[in-house]
Structure formats: C-alpha cells, structure tokens
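Structural characterization, general
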Amino acid sequence: SMLDEVIPALDLLGRKTDAALARETAQQKLKNAILEAWAAADPYDVAQAIDLAEVLGPPSPFPAGWTDSVCGRITSSRLQGRVRLIDAWLRQDWKAAAEAASVIVHDSPAAYTYYWYQGVALSHLGDKPAAIAALTVYTRYSKEEAEYPAAVDLLKKLTVSPPR
C-alpha cells in the first residue's frame, strides 16, 4: 500500500477531502494488517501495520500484547526495533521510544531516520545534550525527509540559551 506516502502528500497539497478518504481506507487496511501480522508475523504485514499506524498518528492502534507477540516471532532485529519504536512513539512513551531508537541507531548508525525519533524522544525526556546530538546527525544527513524542517526548528529551540 502506498497510503503511508499518499496521505502526507495529500495533506501537503491541502487536498482535505482526498486525504480524509485516504485515511478511511488506511484505517481499514491497518485493522487488516494488524490482524494478519498478529496471526502470521509476516514481515510485510508487520511493516504495513507499522507504516499505516505511523501515518495515521496517535493513539497507538495496537492491542495489548500485539507488539511483544509480533516481535517474538519476527527474525529481523531492525523490524523488531521499528515495531517497538513506533508503538512507543504512538503511545507517547518517550522513554521506551528513546530506548528503541537508540538500539536501532547503535546497530545501524547510517539509518539516519531513527535519529529523528531519538532526538524528539530525548527532548521530551529533557535530555537536551543527547537530543541535540541526535538531531544534529539527523539534520546533517536527512535534508530530503519530511521531518527535516521540524528537526531544524526543534534543534534551534534546544540550542537557544535562555535569557538571564
């Protein structure tokens, strides 16, 4: 499904009616992908569930036990990390999100997208130096990503010294 790419594009273009229709379709596909991923732990279904959940945004749509069940049956450590990250992100559990992003970044330092998640989560936790470090890496290597402008803004906000 390309809905995880189509929805942000429609939002960017201001096509609200089309975006709403795409979101409705994505909700149905997400329900099916969650069930398929839970039943078979097929990496495609797991990735589709994660992609659609992320584009639809909080709250996390994953039933209790889904993340642990799916992660216990897929072999890709990267996909396991992504599942844990997006689930924590959508639950706004910044500690768990920071931990999951840190594992991915440690295992795959050139996976620059995950520095965004790490930086945001760390900023929510109040760890400015670590958030700045993560966002600096992200902004250096991810200029073409959708989150780049938000990353630049957050980095500026974190590096501004408060008035004395």
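Everything below is about the structure shown above.
Since we're looking at a predicted model, the values are computed, not measured. (Residues numbered from 1 in each chain as written. Predicted model: local features only at pLDDT ≥ 70, side-chain atom pairs only at ≥ 80, totals over all residues. Heavy atoms only, no water.)

A few points about the overall build of the chain
The following threshold applies: Comment: elements are numbered from the N terminus, with helices defined as DSSP H or I runs of at least four residues and strands as E runs of at least two. Our radius of gyration looks at C-alpha atoms and nothing else; its globule reference is 2.2 Å times the residue count to the power 0.38. Think of it in three bands: residues with accessible area under 20% of the maximum for their type are buried, residues over 50% are exposed, and the middle band is partly exposed, with areas taken using a 1.4 Å probe on protein chains only. All accessible-area figures derive from a Shrake-Rupley calculation using a 1.4 Å probe, and residue coverage is judged against the displayed protein chains alone. Charged residues are defined here as Lys and Arg on the positive side and Asp and Glu on the negative side; His and the ends of the chain fall outside this count. For the purpose of locating charges, the reference atoms are NZ of Lys, CZ of Arg, CG of Asp and CD of Glu.
The number of helices and strands found in the chain is nine helices and zero strands. What you see in the chain, going N to C, is helices and strands ordered as α-α-α-α-α-α-α-α-α. Here the chain has a C-alpha radius of gyration of 17 Å; the compact-globule value for 164 residues is 15 Å, and the two agree. Principal-axis analysis of the C-alpha atoms gives the chain an extent of 55 × 40 × 25 Å. With 164 residues in all, the chain has 41% of them scored as buried. Total accessible area on the chain stands at roughly 9200 Å², and carbon and sulfur atoms take up 56% of it. Side chains of the chain give 17 positive and 20 negative charges; the mean places of these two sets differ by 7 Å.

Remarks on the side chain of serine 60
The line we're drawing: Every residue pair with non-hydrogen atoms within 4.5 Å of one another is taken to be in contact.
Position of serine 60 among the secondary structure elements: in the loop between helix H3 (43–56) and helix H4 (66–71). The class for serine 60 is buried, based on a relative accessible area of 19%. With near-sequence residues (within four places) excluded, serine 60 lies in contact with Asp87, Leu90 and Arg91.

Description of the packing of H3 against helix H5 (residues 77–91)
The test is simple: Every axis corresponds to a line fitted to the C-alpha atoms, with the helix fit spanning only the stretch in contact, and the corresponding angles, defined between N-to-C directions, vary from 0 to 180 degrees. Here the angle decides the label: under 35 degrees means roughly parallel, over 145 means roughly antiparallel, 65 to 115 means roughly perpendicular, and every other value means oblique. Whether a crossing is left-handed or right-handed is set by the direction in which the near helix is turned from the far one by less than a right angle, anticlockwise for left-handed and clockwise for right-handed. Three categories are distinguished: nonpolar for Ala, Val, Leu, Ile, Met, Phe, Trp, Tyr, Cys and Pro, charged for Asp, Glu, Lys and Arg, and polar for the others, with Gly belonging to the last.
Contact geometry of H3 with H5 gives a least axis separation of 10 Å together with a crossing angle of 25 degrees. Of the possible angle classes, the one that applies to H3 and H5 is roughly parallel. Crossing geometry of H3 relative to H5 is assigned as left-handed. Across the interface between the two elements, Pro43, Val46, Ala47, Ile50, Asp51, Ala53 and Glu54 from H3 touch Leu79, Arg82, Val83, Ile86 and Leu90 from H5. Of the residues in the contact of H3 with H5, the class split is nine nonpolar, no polar and three charged.

What to know about unusual backbone geometry
Cis geometry marks the peptide bond from proline 58 to proline 59; its omega dihedral reads 0 degrees. Backbone geometry at alanine 41 places phi at a positive 55 degrees, although glycine is not the residue there. Assignment of secondary structure puts alanine 41 in the loop between helix H2 (16–40) and H3. Even without glycine at this site, glutamine 92 takes up a positive phi of about 60 degrees. Looking at the element boundaries, glutamine 92 is found in the loop between H5 and helix H6 (94–107).

A word on the nonpolar core
Formally: Put simply, a nonpolar core is a bunch of buried Ala, Val, Leu, Ile, Met, Phe, Trp, Tyr and Cys residues held in one set by side-chain atoms that sit within 4.5 Å of each other.
In terms of nonpolar packing, the biggest core is built from 54 residues, with Phe62, Trp66, Val83, Leu85, Trp89, Trp116 and Tyr117 touching the most fellow members. Ignoring any residue separated from it by four or fewer positions in sequence, one finds tryptophan 89 in contact with Trp94, Ala97, Trp116, Tyr117, Val120 and Ala121.

A look at the environment of isoleucine 34
Note on placement: isoleucine 34 falls in helix H2. On the accessibility criterion, isoleucine 34 (7% relative accessible area) is buried. C-alpha of isoleucine 34 to C-alpha of aspartate 45: the two residues are 11 residues apart in sequence and 7.3 Å apart in space. Contact partners of isoleucine 34, with chain neighbours within four places excluded, come to Ala49, Pro61, Phe62, Pro63 and Trp66.

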